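The lines below spell out each chain.
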Amino acid sequence: MAYQALYRQWRPKDFSHMVGQEAIVETLRHQVETGRIPHAYLFCGSRGTGKTSTAKILARAINCEHPKNGDPCGECDTCRQMENEDNLDIIEMDAASNRGIDDARTLRESVKYPPQIGKYKVYIIDEVHMLTKEAFNALLKTLEEPPAHIVFILATTEPQQLPTTILSRCQRFDFGRIPARQILGRLREAADGAGAEATDGALMAIARAAEGGMRDALSILDMCIGYGKKVDEALVQSVLGTSDRAFLFRFSKALAEENAAETIRLIDEMMKGGKEPAAFAKSVSEHLRTMLTAKCCGEAIAEILDLADDTTAEYLRESEHIPTSRLMKMLEAFMQLETELKYMSSPRIGLENTSLKCCLRTSEPDTLAINDRIAELENQISALKDQIAKGVCVAAEAAPAPKEKNTAASAGKKAETSRPAAPVQKTLTPTGRSADETWKEAVRQLQKGEPAIHGMLLMGSYAGSNGTNYLWKANPGFDIIVASLNSAERKKKIEEALTAAAGVPSTFQATDMQSEIKKNEEASDEEYVAGLIETFGAEPVDVVE
Ligand SMILES: [Zn+2]
């Protein structure tokens, strides 16, 4: 027997052998059983999702003398005659290759004649959006006054290109991509049927690469079997030109750690392995997308992206260390690279350039990189503030009840009384807590007694203290919380908690970034210098580079 491609061998003969599209199949079965057949169907959907197979089954089912549950019986005279590809009642046309006016005229002539075998003459027109204007007009004329014995099944990947006059006369069915897990089942049958030893991982890799198209999936399997009866993940990757996951994780790690040397070395390794930069860039994009999805959706990625459990765990673990903004930026860069590579004379240089850009982000003047750096600086500043606050608070203990605002005079007084206390001390309040600990304790108490206030405090962070005045700063975008927290009632509750935790009357102030900057500008130089002297002492020092 002549070799037949797998996707032909496994083309479903009836609805019960179809994979996916359950809702469509159910509706069609019902129509066949009740005999309520519209004159024109429109099957839309991406390639390989079963449009043509469904059309062929439907054409036979509506002609069958004794359909079984909406499926053609395969036994009656009509069924048997229609199995012959040359029958005159099922007419298949490919609009992509027969676009001319001749076909339009033939069509108009041909619909006049009744079917020869069954009840209906069925025209299956593939890629119908490719028809010429003349052919559309001929089709439209027929659809306006269809003879009772004619059924059109129009199939297209581009329904938006069809004129509304056609769309409005068809019953439309949208064929979704087939989930990878369903494709996997059919691949397993096909592999076993062909006597191939295929691993689950290999078949899953094929199912994912097919992106919801059964025909593509079976064609890839066919190619793999062409190399031998053993089909494993490595073979699939080499047939598809994709890279294995372990390598991709090493690559994304190098990017995240800004390890330019390792990145370039990995690209070299990839090239020496005989892979194409374009295929690799696509793999990296998919890999980064999966990481990003893992960050946003957590364990749900297993279902969304059809991943095995161990793969899901790996993605969740690895994506934890890279900020979302960086992943987005890296993904953007690689997606752009995919487009640009088509026009590049030296794809490797393009790949290296994009990879290095991802690594050397800190010197790049784009907003995401700047945001990254701001976030890092904010962390450093808040850590520094903590330390400074501790230094200043030492004075607070020595000068009791400084409830008034921290003026230049009081700062001066503090400086006087606490000159020897330059080293940062931890014990500050009568309760023996540092400012930090006081804040934490107050927040703990608020969490118990005032959950609403506690919730608001979570939308910002502790920003240090000046003596007994504790500062809180709203996170970017949460400035609206500031006024709420400063309202007399809430402020009082917070201050009570702070006072209890500190053992001295304490105050609270919520700020946003803007007002804090302003406040710092307003602070007098004198106070600033006093603060410096207090912390570092008054001796002149030489700055050594
Ligand atoms: Zn039949």
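For clarity, every value in this text was computed on a predicted model and none was experimentally measured.

Here we take up the sheet that holds strand β2 (residues 90-94). Judged by pairing direction, the sheet is parallel, and its 5 strands sit side by side in the order β2-β3-β4-β1-β5 without closing on themselves. Both edges of this open sheet fall to β2 and β5 (171-175), since each of them pairs with a single strand only. Between one strand axis and the next, the sheet turns through 15° on average, direction left out of account. In this sheet, strand β3 (residues 121-126) lies alongside β2 in parallel orientation, the contact comprising 5 bridges. Looking across to β3, one finds that Met 93 is bridged to Ile 125. Across the sheet, helix α2 (residues 22-34) is in contact with β1 (40-45) and β5; its angle to β5 comes to roughly 145°.

Another point: the nonpolar core. With 30 residues, the main nonpolar core has Phe 251, Phe 280 and Phe 334 as its most contacted residues. Every element with two or more residues in this core is listed here: α12 (245-256), α13 (260-272), α14 (277-297), α17 (324-341) and α18 (347-359). Among the elements that make up this core, the one with the highest residue count is α14 (7 residues). With 27 residues, the next largest nonpolar core counts Val 19, Leu 203, Met 214 and Ile 225 among its residues.

Attention now moves to the side chain of Ser 252. Summarising the element assignment, Ser 252 is placed in helix α12. Looking at Ser 252, its side chain comes within polar contact range of the main-chain oxygen of Phe 249, at 3.2 Å. Leaving out residues up to four positions away in the same chain, Ser 252 has contacts with His 287, Leu 288, Met 291, Ile 322 and Met 330.

This part is about the sheet that holds strand β9 (residues 469-474). Spatial ordering of the open sheet is given by β8-β9-β10, a layout of 3 strands whose pairing is mixed. Only two strands of the sheet have a single partner each, and these edge strands are β8 (460-466) and β10 (507-511). The mean angle between the axes of side-by-side strands here comes to 25°, regardless of whether they run parallel or antiparallel. For β9 and β10, the ladder comprises 5 bridges, and the chain directions are parallel. Bridge pairing in β10 links Asn 469 to Thr 507. Lying over the sheet, helix α24 (residues 488-502) contacts β9 and β10, oriented at roughly 130° with respect to β10.

Rules and cut-offs
Residues numbered from 1 in each chain as written. Predicted model: local features only at pLDDT ≥ 70, side-chain atom pairs only at ≥ 80, totals over all residues. Heavy atoms only, no water. Pairing = 2+ DSSP bridges. Helix = DSSP H or I, 4+ residues; strand = E, 2+ residues; numbered from the N terminus. Axes fitted to C-alpha atoms, helices over the stretch in contact; angles between N-to-C directions. Contact = heavy atoms within 4.5 Å. Core = buried A, V, L, I, M, F, W, Y, C linked by side-chain atoms within 4.5 Å. Buried < 20%, exposed > 50% of the residue type's maximum accessible area, 1.4 Å probe, protein only. Polar contact = N/O pair within 3.5 Å; in protein donor to acceptor, adjacent residues only side chain to side chain.

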